[in-house]
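# What the coordinates show
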Amino acid sequence: MEKIVIVTGGAGYIGSHTVVELFLAGYTPIIIDDFRNSKPWILDRITQIVGKEITAHTVDCQNELAFNEVLSTYKAIYGIIHFAADKAVGESVNQPIKYYQNNIGSLCVVLNALKKFDIKNFVFSSSCTVYGETLTPVVTEESPIMPPASPYGDTKIIGERIIQNYWKTTSDAKVMLLRYFNPIGAHPSALIGELPQGIPNNLMPYITQTAKGKRDSLTVFGGDYHTPDGTAIRDYIHVSDLAIAHVKALTYLEKSSTKLFDYLNIGSGKGTSVLELIKTFEEVNHLKLNYQIGNRRPGDVEQIFANADKAKKIIDWTCKFSLKDALLHAWEWEKSLTT
Ligand code: WQD
């Protein structure tokens, strides 16, 4: 029996890499995406990697009628992995309502559908931004949830609470929240990767576009943080490692015979500063990057990286790719793009 898994936002950056890994693990992923953050040709690339056709429905997850209409065409849906959301910290400071409306609105549509179609397994794309301005640089899942540093982080905190309250109303729901740290890089085949629309909000695509000459130079947001080199520290992980974490989480839910609600840090466990990332990128790709230090970006936290022990214990997940692998693959992907 095929195990149909609905992947909302499945044509996006993390979503498309997860769809590849779901196929390779024997699931049948079905994409629901409005392609605001992707291009249809990504679907062909997924097929090139896995050798199977992928079904995708162009639907905005805020549209409950359209969303349910798609789900009603499938007899038995094994699970939902919910990625569809806006995710740029900096952008969310300037456009908070867009973030609350989309990220919370879409989540409520998906949770209603879990109940309506009696779907038991749910994996949610959460974020390390739920920890806010952390009291310590390294966080475990039990670290306090501090006041959010950005509307994006707030939508993830609220989202986790909505999901837990939904879960309490069920008798058999199995839920896993994955708190991502910073996904970077691209599939080793360089057939899929990050496709920022317009000027990149995130560091990695801005670095690769600058290296390619698409951007004149990179501005490092803040050189006066209380860190060894003054730049902010994050926990960068290869996007394929993050994708595999979703498959492992789903398999873990499948094996559980009772209802469950849990949450995991998905990070490398290592902090890397912006300057360290730039220098490592230059080193592995044998190039020099044009950058300058500028002002801090509103909404940024100074430093955060994961204690990822629980993910190893619960779903037997650890990073397989190194930071250098991710930086190499990011550059290979950027070079493959014609625009
Ligand atoms: C990283 C660092 C910036 C751009 C991301 C995702 C979020 C979540 C966590 C999944 C910061 C600096 C950036 C630039 C810079 N992941 N920077 N110049 O804000 O940590 O959040 O990871 O949920 O969805 O957005 O990532 O790449 O924007 O910034 O100096 O042009 O790079 O200040 O210190 P962030 P980011």
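Here, every reference points to the structure presented above.
First, a word on what this report is: a plain description of the structure on this page. (Residues numbered from 1 in each chain as written. Predicted model: local features only at pLDDT ≥ 70, side-chain atom pairs only at ≥ 80, totals over all residues. Heavy atoms only, no water.)

## Some thoughts on the environment of Glu302
- Positionally, Glu302 belongs in the loop between β14 (291-294) and β15 (305-306).
- Put simply, Glu302 and Pro137 are 165 residues apart on the chain and 8.4 Å apart in space, counted from C-alpha to C-alpha.
- Other than its neighbours up to four places away in sequence, Glu302 contacts Glu133, Tyr225, His226, Thr227, Ala232, Ile233 and Arg234.
- At 2.9 Å, the side chain of Glu302 and the backbone nitrogen of His226 are in polar contact. (Helix = DSSP H or I, 4+ residues; strand = E, 2+ residues; numbered from the N terminus. Contact = heavy atoms within 4.5 Å. Polar contact = N/O pair within 3.5 Å; in protein donor to acceptor, adjacent residues only side chain to side chain.)

## Here we look at the pairing of strand β7 (residues 174-180)
- Taking burial as the measure, the 7 residues of β7 include 7 buried ones, the bulk of the element.
- Every second residue of β7 is oriented toward a common face, with Lys174, Met176, Leu178 and Tyr180 on one face and Val175, Leu177 and Arg179 on the other, all of them buried.
- With 7 bridges joining them, strand β5 (residues 121-127) and β7 adopt parallel strand pairing. From the neighbouring strand, Val123 faces β7, where its bridge partner is Met176.
- Bridge count for β7 against strand β12 (residues 260-266) is 7 bridges, and the pairing is parallel. (Buried < 20%, exposed > 50% of the residue type's maximum accessible area, 1.4 Å probe, protein only. Pairing = 2+ DSSP bridges.)

## A look at the packing of aromatic side chains
- Scanning the model with the defined rule gives 7 aromatic pairs in all.
- For the pair Tyr27 and Tyr78, a centre-to-centre distance of 6.0 Å together with 35° between the ring planes defines the contact as tilted. In this pair, Tyr27 is assigned in the loop between α1 (13-24) and β2 (28-33) and Tyr78 in strand β4 (residues 77-82), connecting sequence segments 51 residues apart. For the pair shown, Tyr27 and Tyr78 are each scored as buried. (Phe/Tyr/Trp six-rings, centres within 6.5 Å; stacked < 30°, edge-to-face > 60°.)

## A closer look at the site of the ligand
- Around the ligand, the surrounding shell holds 23 residues, and the nearest of these are Tyr152, Leu203, Phe221, Arg234 and Asp300.
- Thr219 places a polar main-chain atom, nitrogen or oxygen, 2.8 Å from a nitrogen atom of the ligand.
- At 2.5 Å from an oxygen atom of the ligand is found a side-chain nitrogen or oxygen belonging to Asp300.
- Those elements that provide at least two residues to the shell around the ligand are β5, β8 (182-184), α7 (203-212) and β9 (218-221).
- Here the element with the most residues in the shell around the ligand is β9; it accounts for 4 residues.
- Grouping the constituent residues of the shell around the ligand by class yields 13 nonpolar, 6 polar and 4 charged. (Near = heavy atom within 4 Å. Nonpolar A, V, L, I, M, F, W, Y, C, P; charged D, E, K, R; others polar.)

## Notes on the sheet that holds β2
- Taken together, 7 strands build an open sheet; the order of strands is β3-β2-β1-β4-β5-β7-β12 and the sheet is parallel. With one partner strand each, in any of the chains shown, β3 (55-58) and β12 form the two edges of the open sheet. Averaged over all adjacent pairs, the angle separating strand axes in this sheet is 20°, with direction ignored.
- Across the face of the sheet, helix α3 (residues 64-71) comes into contact with β1 (4-8), β2, β3 and β4 while running at roughly 160° to β2. (Axes fitted to C-alpha atoms, helices over the stretch in contact; angles between N-to-C directions.)

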